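# Breakdown of the fold
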Amino acid sequence: MELQSAIYEHWRHAFKLDPEREISDERLDAVCMSGTDAVIVGGTTGVTFDNTVDLMSRIRRYEVPCALEVSSEEAAVPGFDHYFVPLVLNTDRAEWMAGRQIGALRKFGAFIPWEITSAEGYLILNGEAEAAKLTGARASLDAETVTAHIYLADKLMRLPIVYMEYSGIFGDMALVKRASRLVSGARVFYGGGIDNADKARQAAEAAHTVIVGNAIYDDLEAALSTVAAVVEVPFGR
Ligand code: 1GP
């Protein structure tokens, strides 16, 4: 199976929408028509089959590629262009790295559209993020330990994506840039605290793919400005 041709290979910018949060048709229209490369549906808590189907069917009115980050087996909804399965790498709680995934695969493994499904090696680097609390992530890692996690994800496990997650705060771009230089096969996704064009530009210089979440709900105009900001930056390792 060839993962290199996966649709996310050329994504520079993506918006992440949380099925648990309300979004008006007007706002959703602005997000889907923004010129972003993709819309990712995902959230840490309160993601259900019903609210995921509902959001997917609304996004489906647009041409923008739409992916689901599957964080619970109940919310695995058919009909997306791509599926991401997060594996949290910096937690001691094995259930978040392989436990829950194994439980879901025991039941649904034979029915999963593998050609459009990819693992994401998550490094959760903001201890205050919901996802860090939920998974018990060890978020305060020094640069050497982050590097070791990148080796683990990219070289040993050959995961197609390393997701450096700072959700809620703007992260350490030097660290993200270093990760992007280290990887040989993986794409580095960056998400966290991007709420203006300048931060988007900095993230675009550091990561392959820049993901904007909260700003959609907090300041839509600023969120929309991140699309052009990211697209203008050529990514150079
Ligand atoms: C969340 O990485 C995304 O999973 C985006 O983070 O919500 O802070 O933009 P923000």
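Every residue gets a number counted from 1 within its own chain, in the order that chain's sequence is written. For a predicted model such as this one, the threshold for reporting local features is a pLDDT of at least 70, and the threshold for listing and counting side-chain atom pairs is 80 or more; totals across whole chains, interfaces and linings nevertheless cover every residue. As a convention, hydrogens and water are excluded, and side-chain values are obtained from all of the structure's heavy atoms.

As recorded in an unreviewed UniProt entry, the protein goes by the name Heptaprenylglyceryl phosphate synthase, listed as coming from Paenibacillus glycinis. UniProt positions are given in the numbering used here, feature names are shortened, and annotations may be inferred rather than shown by experiment. Turning to the protein, the UniProt annotation filed under Catalytic activity (unreviewed entry) states: "sn-glycerol 1-phosphate + all-trans-heptaprenyl diphosphate = 3-heptaprenyl-sn-glycero-1-phosphate + diphosphate".

Among the residues of helix α6 (residues 173–182), M173, L175, V176, A179 and S180 are the ones counted as buried. One face of α6 carries all of its buried residues, which in axial projection span an arc of 160°. Along α6, the residues that are exposed and aim more than 90 degrees away from the buried face are A174 and R181. Buried residues along α6 sit in contact with α5 (143–156), β6 (161–165), β7 (187–191) and α7 (197–206). Note on exposure labels: buried denotes an accessible area under 20% of the residue type's maximum, exposed denotes more than 50%, and partly exposed covers the range between, all computed with a 1.4 Å probe on protein chains only. Comment: elements are numbered from the N terminus, with helices defined as DSSP H or I runs of at least four residues and strands as E runs of at least two. This arc describes the spread of directions from the helix axis toward the C-beta atoms. Throughout, a contact is declared for two residues whenever any of their heavy atoms are within 4.5 Å.

Further remarks concern the state of the cysteines. Here, a disulfide means two cysteine sulfur atoms that sit within 2.5 Å of each other. For the structure shown, the criterion picks out zero disulfides. No disulfide involves C32; its sulfur sits 7.6 Å from that of C66, the nearest cysteine.

Next up on the list: the pairing of β7. One face of the sheet, then the other: side chains in a regular strand alternate in exactly this way. Among the five residues of β7, five are classified as buried, and the element is accordingly described as predominantly covered. Side chains of β7 alternate between two faces, with R187, F189 and G191 and V188 and Y190 buried alike. For a crossover, the right-handed case is the one in which the path from the first strand over the helix to the second runs clockwise, viewed with the strands pointing away from the viewer. Assessed by its sense of winding, the connection that carries the chain from β6 through α6 to β7 is right-handed. Note on pairing: two strands pair once DSSP finds at least 2 bridges between them. For β7 and strand β8 (residues 209–212), the ladder comprises three bridges, and the chain directions are parallel. From the neighbouring strand, Y190 faces β8, where its bridge partner is V210.

Moving on, we get to the pairing of strand β4 (residues 82–88). Most of β4 is tucked away: six of the seven residues are buried. Direction of pairing for strand β3 (residues 66–69) relative to β4: parallel, over a ladder of three bridges. Its bridge partner being in β4, A67 is matched across the sheet by H82. Judged from the six bridges that link them, β4 and strand β5 (residues 117–124) form a sheet pairing that is parallel. Note that in β5 the partner of V88 across the bridge is Y122.

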